[in-house]
Amino acid sequence: MDQLLPPEIAEAERAFPEALAACRDLDAFLRLKGAYVGREGSYVARLMDLLKAAPKDQKRELGAAINALKNAWEEALKARQAELEAAKKAAGAAAWDPTLPPPLPARGALHPLNRLMDRLVEVFRPLGFHVEEGPEVETEEHNFDGLNIPADHPARGSADTFYLAAHPGQLLRTHTSPVQVRTLRKLKATIHEKGGIRFLAPGRVYRKDEIDPTHSPMFHQVEGMLVGHGIGMQHLKGTLEYALRALFGPATEIRLRPSYFPFVEPGCEVDVSCPLCAAKGCRVCKGSGWVEILGAGLIHPNVLEFAGIDSKEWSGWAFGMGVERMAMMLSQTPDLRLFFENDQRFLEAMGGLD
Ligand code: PHE
């Protein structure tokens, strides 16, 4: 056989038993196996090339020699593989400590923004508020007309609003206020029986804003609304003071500044004393001690009338607040985008929002 096979093969054959015994784990074993009997570049592969190129009268003898060598190697490899696998199994069994607790599977949880909205719902629930929802694809009627927003109002422009190209008159709602229109229409039937209407409407809204640390084309709002007899600004202020103290702490002060929204009159923006610096002035409140948190006001009579509710008998208030802004403040998160990137480490660290 030695005359038939090239010298490097003879050398490989001599070295084989020692190399095989030196394989202490399956990785090393597989490397050796590849080098000897692998499909490409191995000693066996080289011998096969040699056989192909050999003169016809030598093929028979050479073929038999190669086969014998290949079989011997494969048998030895198989035996060693069984040994290594058995050793690995035994080592695994020895390392298993049945007294250790089982590994806990990773658990899912509600998103921090949903938890914050749930918290707000719980703050208002004892005051008799329930949750109403509306669709994210809305009509111009609910998003604008029913809210006393004039036809030429800039917010209606396609620079701010996502309109559905294939469905004229439909859009992605730009605020949660269209739920006011839907809910007033729905609940007017029982308004006398219940003595009024009160609800909260949390949800997603959409605006054509460039993405940056404080803007996103999709964000969340919570709408609140109350209709009753003789409702005025004092009720709005008292309710907001209660709710915002429940959320930001009992020392929180609120401040109403006059502002304009077509669907309220009078309208205001509401600030809370900065919960992070106790109104002394910090990065979050930009040194002013106050943070703007929501828009609000007394429901415009046109909104009640549009929904079919007599504005001479009923009055009420409404507010809409930005959830991301509040979440950023409560958790001192500097960049709103973190809430939408679903990085597990961030989401887990957000436990503090409840
Ligand atoms: N819808 C208004 C906004 O998105 C907020 C608001 C709601 C103001 C209700 C007044 C009353 O900015």
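A quick note: this is a predicted structure, and the numbers were derived from the prediction, not measured.

Rules used throughout
Residues numbered from 1 in each chain as written. Predicted model: local features only at pLDDT ≥ 70, side-chain atom pairs only at ≥ 80, totals over all residues. Heavy atoms only, no water. Helix = DSSP H or I, 4+ residues; strand = E, 2+ residues; numbered from the N terminus. Rg over C-alpha atoms; globule rule 2.2 N^0.38 Å. Contact = heavy atoms within 4.5 Å. Buried < 20%, exposed > 50% of the residue type's maximum accessible area, 1.4 Å probe, protein only. Pairing = 2+ DSSP bridges. Near = heavy atom within 4 Å. Polar contact = N/O pair within 3.5 Å; in protein donor to acceptor, adjacent residues only side chain to side chain. Areas by Shrake-Rupley, 256 points an atom, 1.4 Å probe, with all protein chains shown as cover. Nonpolar A, V, L, I, M, F, W, Y, C, P; charged D, E, K, R; others polar. Phe/Tyr/Trp six-rings, centres within 6.5 Å; stacked < 30°, edge-to-face > 60°. Core = buried A, V, L, I, M, F, W, Y, C linked by side-chain atoms within 4.5 Å.

This brings us to the overall build of the chain. Across its full length, the chain carries twelve helices and nine strands. Against the 2.2 N^0.38 benchmark of 20 Å for 354 residues, the chain shows a C-alpha radius of gyration of 37 Å, more extended than a compact globule. Overall, the chain is about 115 × 55 × 45 Å in size when its C-alpha atoms are taken along their principal axes. Across the chain, every contact between residues at least 6 apart in sequence was considered, and the portion connecting residues at least 24 apart equals 67%.

Right, let's get into the pairing of strand β4 (residues 197–206). Across the ten residues of β4, eight count as buried, placing the element largely inside the fold. Sheet analysis places strand β1 (residues 130–131) next to β4, joined by two bridges and oriented parallel. The residue bridging V131 from the neighbouring strand is L200, located in β4. One ladder, built from ten bridges, connects β4 with strand β5 (residues 218–228); its direction is antiparallel.

Another point: the site of the ligand. The local shell around the ligand holds 14 residues, among which H175, S177, R207, Q221 and G320 are the closest. The contact in question runs from a nitrogen atom of the ligand to an N or O atom on the side chain of S177, over 3.0 Å. In isolation the ligand offers 330 Å² of accessible surface; the protein chains occlude 90% of this area. When residues of the shell around the ligand are traced back to their parent elements, those giving at least two are β5, β8 (290–299) and β9 (315–322). With three residues, the top contributor of residues to the shell around the ligand is β9. Here the residues of the shell around the ligand sort into six nonpolar, six polar and two charged.

The next point concerns the packing of aromatic side chains. Applying the stated criterion to the full structure yields eleven aromatic pairs. Between Y36 and Y43 the ring centres are 4.9 Å apart and the planes differ by 65°, which places this aromatic pair in the edge-to-face class. Here Y36 and W73 contribute two aromatic rings whose centre-to-centre distance is 4.7 Å and whose plane-to-plane angle is 90°, an arrangement assigned as edge-to-face. On the criterion of sequence distance, the pair formed by Y36 in helix α2 (residues 26–37) and W73 in helix α4 (residues 56–95) is long-range, its members being 37 residues apart. Each residue in the set F16, Y36, Y43 and W73 is aromatic and connected to the rest through ring pairs, giving one cluster.

In this structure, L244, I293, L294 and F319 are the most contacted members of the largest nonpolar core, which totals 42 residues. Judged by nonpolar contacts, the second largest core, of 23 residues, contains M225, F263, L304 and A307.

Attention now goes to the pairing of strand β6 (residues 254–259). The side chains of a regular strand alternate between the sheet's two faces. Relative to strand β7 (residues 264–273), β6 runs antiparallel, the two being bridged by six bridges. Bridging from a neighbouring strand, S259 pairs with G267 of β7. A loop of four residues connects β6 with β7, the two strands running antiparallel in sequence.

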